[in-house]
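Per-entry structural report
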Amino acid sequence: MSETESSTSEVGELSRRPGRERGRDDGKFGRYGGQYVPEALMPAIEELTDAYERYVLNNEDGFMDEFRERLAEFGGRPTPLQRADRLSERYDTEVYLKREDLLHGGAHKLNNALGQVLLAKYMGKERIIAETGAGQHGTATAMAAAHLDMPCTIYMGERDINRQRPNVFRMKLNGSEVKPVTTGRGTLKEAISETMRDWAETVEDTHYVIGSIVGPHPFPVMVRDFQAVISEEAREQAIEKTGGLPTDVVACAGGGSNTMGAFADFVDDESVALRAVEAGGSTLEVDEEAGVAPNSASLYAGEEGVLHGARTKLLQDSDGQIMESHSVSSGLDYAGVGPELAYLVDEGRVEPVAVDDDAALEGFHRLSSTEGIIPALETAHAFGFLEEHHEELGERVVVNVSGRGDKDLDAAIEETDQRDLPNAPDMSMFTEGI
Amino acid sequence: MAETGNSEAIAAAFADGPAYVPYLVVGDPDYESSKAHVEALDRGGADVIELGLPFSEPIAEGSTIQEALVRALDAGMTPERFFAFAEEVEVDAALVCMTYYNLIYQYGSETGPRPFVERAAAAGIQGLVVPDLPAEEADPLREACDEFGLDLVFIVAPTTRGDRLDRMMENVSGYVYVQARLGTTGARDDVSDQTTESLDRLREYDVPKAVGFGISSGEHAERIVAGGADGIIVGSALVDVVADGVENDLPTAAVADRLEALSRELKAGAERGYRSRTETVESA
Ligand SMILES: Cc1ncc(COP(=O)(O)O)c(C=O)c1O
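These lines cover the structure that appears in this document, whether it is placed above or below. (Residues numbered from 1 in each chain as written. Chains lettered and ligands numbered in written order. Predicted model: local features only at pLDDT ≥ 70, side-chain atom pairs only at ≥ 80, totals over all residues. Heavy atoms only, no water.)

**Focus: the site of the ligand**
All names here are of chain A. Looking at the ligand, there are 18 residues lining it, with Ser212, Gly254, Gly256, Ser257 and Ser402 nearest. Here an oxygen atom of the ligand sits 3.2 Å away from a polar atom, N or O, in the main chain of Gly255. Considered on its own, the ligand offers 390 Å² of accessible surface; in the complex 97% of this is hidden by protein. Of the residues that constitute the shell around the ligand, the class distribution is 5 nonpolar, 11 polar and 2 charged. (Near = heavy atom within 4 Å. Polar contact = N/O pair within 3.5 Å; in protein donor to acceptor, adjacent residues only side chain to side chain. Areas by Shrake-Rupley, 256 points an atom, 1.4 Å probe, with all protein chains shown as cover. Nonpolar A, V, L, I, M, F, W, Y, C, P; charged D, E, K, R; others polar.)

**Notes on the pattern of salt bridges**
All names here are of chain A. According to the stated counting rule, one finds 60 salt bridges over all chains in the structure shown. Of the charged contacts, one joins Glu232 and Arg68 as a salt bridge, the two residues approaching to 2.9 Å between their closest N and O atoms. Residue Glu232 is located in helix H11 (residues 229-242), and its partner Arg68 is located in helix H3 (residues 63-73); the two are separated by 164 residues in the primary sequence. On the accessibility criterion, Glu232 (5% relative accessible area) is buried. (Salt bridge = Lys/Arg side-chain N within 4 Å of Asp/Glu carboxyl O. Helix = DSSP H or I, 4+ residues; strand = E, 2+ residues; numbered from the N terminus. Buried < 20%, exposed > 50% of the residue type's maximum accessible area, 1.4 Å probe, protein only.)

**Let's talk about the packing of aromatic side chains**
Residues and elements named next belong to chain A. All chains considered together, the criterion is met by 19 aromatic pairs over all chains. Both rings, one in Phe63 and one in Phe67, keep their centres 6.4 Å apart while their planes meet at 15°; by these two values the pair is stacked. Taken as a pair, Phe63 and Phe67 lie in helix H3 at a separation of 4 residues, close to a single helical turn. Exposure class is identical for Phe63 and Phe67. Each is buried. Where Phe63 meets Phe226, the ring centres are 6.4 Å apart and the plane angle is 50°; that geometry is what we call tilted. A residue pair is termed long-range when its members are at least 10 positions apart, and Phe63 in helix H3 and Phe226 in helix H10 (residues 219-227) qualify at 163 residues. (Phe/Tyr/Trp six-rings, centres within 6.5 Å; stacked < 30°, edge-to-face > 60°.)

**Brief notes about helix H6 (residues 136-147) of chain A**
Residues and elements named next belong to chain A. Spanning 12 residues, H6 covers 16 Å between terminal C-alpha atoms, matching the ideal 16 Å at 1.5 Å per step. Among the 12 residues in H6, 10 count as buried, and that is most of the element. Within H6, burial applies to Gln136, His137, Gly138, Thr139, Ala140, Thr141, Ala142, Met143, Ala144 and Ala145. On its buried face, H6 is in contact with helix H5 (109-122), strand S5 (127-132), strand S6 (152-157), helix H8 (165-173) and strand S8 (206-209). (Expected span 1.5 Å × (residues − 1). Contact = heavy atoms within 4.5 Å.)

**A closer look at the sheet that holds strand S11 (residues 303-307) of chain A**
Residue and element names in this part refer to chain A. Spatially, the 4 strands line up as an open sheet ordered S1-S2-S12-S11, and their pairing is antiparallel. Pairing within the sheet leaves two strands with one partner each, and these edge strands are strand S1 (28-29) and S11. Pairing between S11 and strand S12 (residues 309-314): 5 bridges, direction antiparallel. Paired with Val306 across the strands is Arg311, a residue of S12. Here helix H14 (residues 339-346) sits on the sheet in contact with S1, strand S2 (32-36) and S12, set at roughly 45° to S12. (Pairing = 2+ DSSP bridges. Axes fitted to C-alpha atoms, helices over the stretch in contact; angles between N-to-C directions.)

**Side note on the sheet that holds strand S7 (residues 177-181) of chain A**
All names here are of chain A. Ordered by their spatial adjacency, 4 strands build an open sheet running S7-S6-S5-S8, and the pairing between neighbours is parallel. For this open sheet the edge positions go to S7 and S8, each flanked by a neighbour on one side alone. Going across the sheet, the axis of each strand differs from the next one's by a mean of 25°, ignoring polarity. In the sheet, S5 pairs with S6 via 5 bridges, with the strands oriented parallel. Note on S6: the bridge partner recorded for Ile128 is Cys152. In the packing of H6 onto the sheet, the strands contacted are S5, S6 and S8, and the crossing angle to S5 comes to about 165°.

**A few points about the side chain of Asn258 of chain A**
All names here are of chain A. In this structure, Asn258 sits in helix H12 (residues 257-263). Among the residues examined, Asn258 registers a relative accessible area of 4% and is labelled buried. Once residues lying within four places of it in the same chain are set aside, the contact partners of Asn258 are His108, Ile230, Ala251, Cys252, Asn400 and Ser402.

In structure tokens:
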């Protein structure tokens, strides 16, 4: 890279923060990470690695400046770090909410989708493909693709399509094609496999926008870098508002993108406890025989293995077959997790905790009724954690509100109706009619 | 490279004339039928047989093989039963196991590829093809294969060039799997120009080149071998025969007969292609 091509603007420098060096060289996080993909994809991955280094790390052609500007103008960044008064009172600690639900599209997913679609444009690609679980990543990608005028196809499991109809409609409104995936149980892992197949045929002109810090290098580092804007802002906002660092940062983990986004710039602040909240589903027990894990807690309950391009922690049986995972929230319903998180858990830097479906739903109702914020069911797991573990927390807690719950209202009606939740409204008028 | 291959049986399969390398999923639709199917491939002239060990997330596979893998998994196929199958099946052809890295990595009490390779060798497997393991990540498996005398076959894609190709060719043994076109597995009706280009690029490497992805007829096989391939790999077209048997509830023997007949056609096509090549050389 030549002096003239790169920019030394403040924005360009931000991607050089120390907490973000991990994995950049070779895509390895200790024993995790790597590039386990079919040979047909390797040239595309090399091309992407090169583009990541030039545009993201070295701000060539002012890529990062344009990205930050679009995040501000199209995306609505910075998002606030808001004090949650009633939760603070309830838990007798200062609770601050990082409001990614206020980002355009209603979830943190836009940070990454916008970054990758813009990068694809800089690389001269002509078509975007993506997979989605909750539909949030698909929606964010569809929005970014429309914004940047790129044709886009989104793969989504059939079961998830039924769970997330509003997001399916949003993707179509934004001009994307939504392709249902019927293999397996029709959730995120099948959609990822299907998108990789499409990519293997179309690599020459197509970019695959992976939705989390998973997949082969450089995706885990690149997605982390795009999402790290969350912790970058949260750290500055915390210091400004409270005069110091938080004691704890809490975020829900599916693949782990909002988790790593919220943690990235705090990893080197050793006083800050980092807590990744996974979907405990209905139970942490697994049914080896049926190949089913009734949870999606791969950090907590998974074992090392290789899936979708990376070595990481996975829900798998003793033969190495990947298990069907489960969560009330489709965005957490994935049998793997980002390799960087797996590494940080082994190192003892990140603490994994599992919160079950019931507690997540309680968290959903609690944030809605006490703070006037309806969270995504994914995010609600973080609030389930607060309720169950608030005694372990320090005096100043940041919770990443990864997304808003509008997409989940149908699911919330149905799931709430099936349970006896102490803090839910009377559901009869919704389930029985008036 | 050809002369440094670990398995004599695989080297012999490519030694004189074109090799016919069929693929089937072990356990599709059930253990016993699939044994009859594989034995039929052998009667039909197979030189090497690629046995698919099913993985739940086969990202390099198209729908035909993916569905076959699901049928086999549903019928209870496991790595342990796969090895029993390799031991029991009665064939002359050399056996190669095709599977994904996680199954290899997880097998046995210690993590890492060594226990799997040791067990595979004991079961009479002569080589491995692992579609999600590029040369960059393959050192531990390569070492285990060398230790137990297995060949490690790499897939060369139409997009593989330069340093990556060199690195792969340093690591490959037995044969290279030349992917005929971009994408996933699945039978096609045409022979792509990408095949010819790939074979040209590989010409200087002294290792047998077997072309796969999309071959479905004797005529295909003929054109590919005439174009310079040392062997043909046929998967989806054979798996389609099994799938058709499942759909129409055909008896195992009938499916086996069809597999044998298609095998003869493919093998004969390959041989015609090979003859046309030697004739051209002689007349030149
Ligand atoms: C609102 C929200 N939060 C969290 C997640 C989980 O993904 P990740 O762990 O990658 O942030 C999703 C995924 O779709 C989501 O939509």
